[in-house]
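# Observations on the three-dimensional arrangement
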Amino acid sequence: MSLWSKMKKRNMNPQLAQDLLAKSHAELSKMQPINIMIAGKTGSGKSTLINALFREKIAETGVGMPITQEVQKLTKEGIPLTLFDTQGLELNVDVQHDVLTSLSALIKQEKAKGERHQLHLAYYCLNANMSRIESYEIELISAIAQQLPVILVLTQTIGEETERFEQYLQSMALPVEAIVPVLAKDYRIQKSYSIQSFGLQELIDITLEVIPSEVHKAFINAQRIDIQLKEDSAKSWAKTYISSAFGVGFTPIPIADASLLVPMQITMLGHITAIFGLSLDKSQILSMIAGIGGTGGATLFGKFLVSSAFKVIPGIGTITGGVISGATASVLTVTLAYSYIEVLKRIAMAEATGQDLKLVEIQKLMNQSLKDQLAIVSDILPDSIKNRFVPEWLDYFIK
């Protein structure tokens, strides 16, 4: 029996998973995509770099569309990223000027289409082992740099020769934002010894410094190296969202109507999914919902969190009046957000190492993460305000 069938049998409303996915896709569609040109000769390591840096091996599985004789446009559904991969740069001298003109015109044309199409950055790849840069490559880099920030990526950087080549390039004072030596994947020397990959984290850091802030979310979503960056970005957004959406003055909610929290929480989780950049399916989301512990359809998030908090945290809200305060609702929603982010982090870490978390493991992770977050709430709650959540404590918890 499939997990989907089991959830139906247990009276768990699969519409929750569908709603969460819909919210995630909606947030993703609103995200301004990042558009990057990848240039370099054949053998410069462009495809290896792309697949190491971005999710889902976009160079292998993305949809390619020729837009000029020299450039192919690569996209992948669910990833807010467009790559403009240059082709045929090993052209003879007679047509090199035409290539420069074509690339320049392409950058201008995409910008004219609007902000969702304009290019934000160019990676120019050089194979460091070749220890050579052609004169027309210098001309090409200079021409692109007049319209876009350029990062020069030295691929396959192994050995002293490549270090000397990097120093030589630095001395040329090329019009680039940075020169970044990279080994995009582990390089095996012997059966029992490999040189570990390096440089991708530095490339991510420099890229974020160079690109406009409007496309930071898209880049964080698309990249696959810095999982901590995904987590920090999701937590930062959750804090801002919860503070503005609830606020300490939020109207008290009757415990019986705790399900009123659900639409807001679904929106929050959908946005977190979009920021984090994982292509979750319904089964994975249902596993996380099951990990929260409820089977009551639309009342799941609100009522379960409230009832769980009452078990863990004595004096929460106004129990005798049968209501929970806006601050309490905020704290419980933070608990849900942080638990969800922790599970997404674990899924991302598993994918990065080629592992596949089983659905039952995802369910257990969500359950344990929620318990851990509720325990944190209980542990740090001062006795003097045990019965009342105030703004200062709320800020302490979600900072």
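Fair warning: this is a prediction, and the values are worked out from it, not measured in the lab. (Residues numbered from 1 in each chain as written. Predicted model: local features only at pLDDT ≥ 70, side-chain atom pairs only at ≥ 80, totals over all residues. Heavy atoms only, no water.)

What follows concerns the packing of aromatic side chains. A full pass over the atoms with the stated rule returns 2 aromatic pairs. Summarising the aromatic geometry, the rings of Phe54 and Phe219 are spaced 6.2 Å apart at their centres and angled 85° between planes, so their arrangement reads as edge-to-face. Remark: Phe219 occurs in helix 9 (residues 216-222) and Phe54 occurs in the loop between helix 3 (46-53) and helix 4 (58-61); sequence separation between them is 165 residues. Using a relative accessible area of 0% as the deciding quantity, one classes Phe219 as buried. Relative to Tyr168, the ring of Phe165 has its centre 6.5 Å away and its plane inclined at 25°; by these criteria the two rings are stacked. Of this pair, Phe165 and Tyr168 both sit in helix 7 (residues 160-171), separated by 3 residues, roughly a single helical turn. Looking at Tyr168, the relative accessible area reads 44%, which means it is partly exposed. (Phe/Tyr/Trp six-rings, centres within 6.5 Å; stacked < 30°, edge-to-face > 60°. Helix = DSSP H or I, 4+ residues; strand = E, 2+ residues; numbered from the N terminus. Buried < 20%, exposed > 50% of the residue type's maximum accessible area, 1.4 Å probe, protein only.)

Running from N to C, helix 2 (residues 15-30) and helix 12 (residues 282-292) point in directions that differ by 115°, and their axes come no closer than 9 Å. Along this stretch, helix 2 crosses helix 12, giving a crossing that reads as right-handed. Where helix 2 abuts helix 12, its residues Leu16, Ala17, Gln18, Leu20 and Leu21 lie against Lys282, Ile285, Leu286 and Ile289. The residue makeup of the contact of helix 2 with helix 12, split by class, is 7 nonpolar, 1 polar and 1 charged. (Axes fitted to C-alpha atoms, helices over the stretch in contact; angles between N-to-C directions. Left-handed = near helix turned anticlockwise from the far one by under 90°. Contact = heavy atoms within 4.5 Å. Nonpolar A, V, L, I, M, F, W, Y, C, P; charged D, E, K, R; others polar.)

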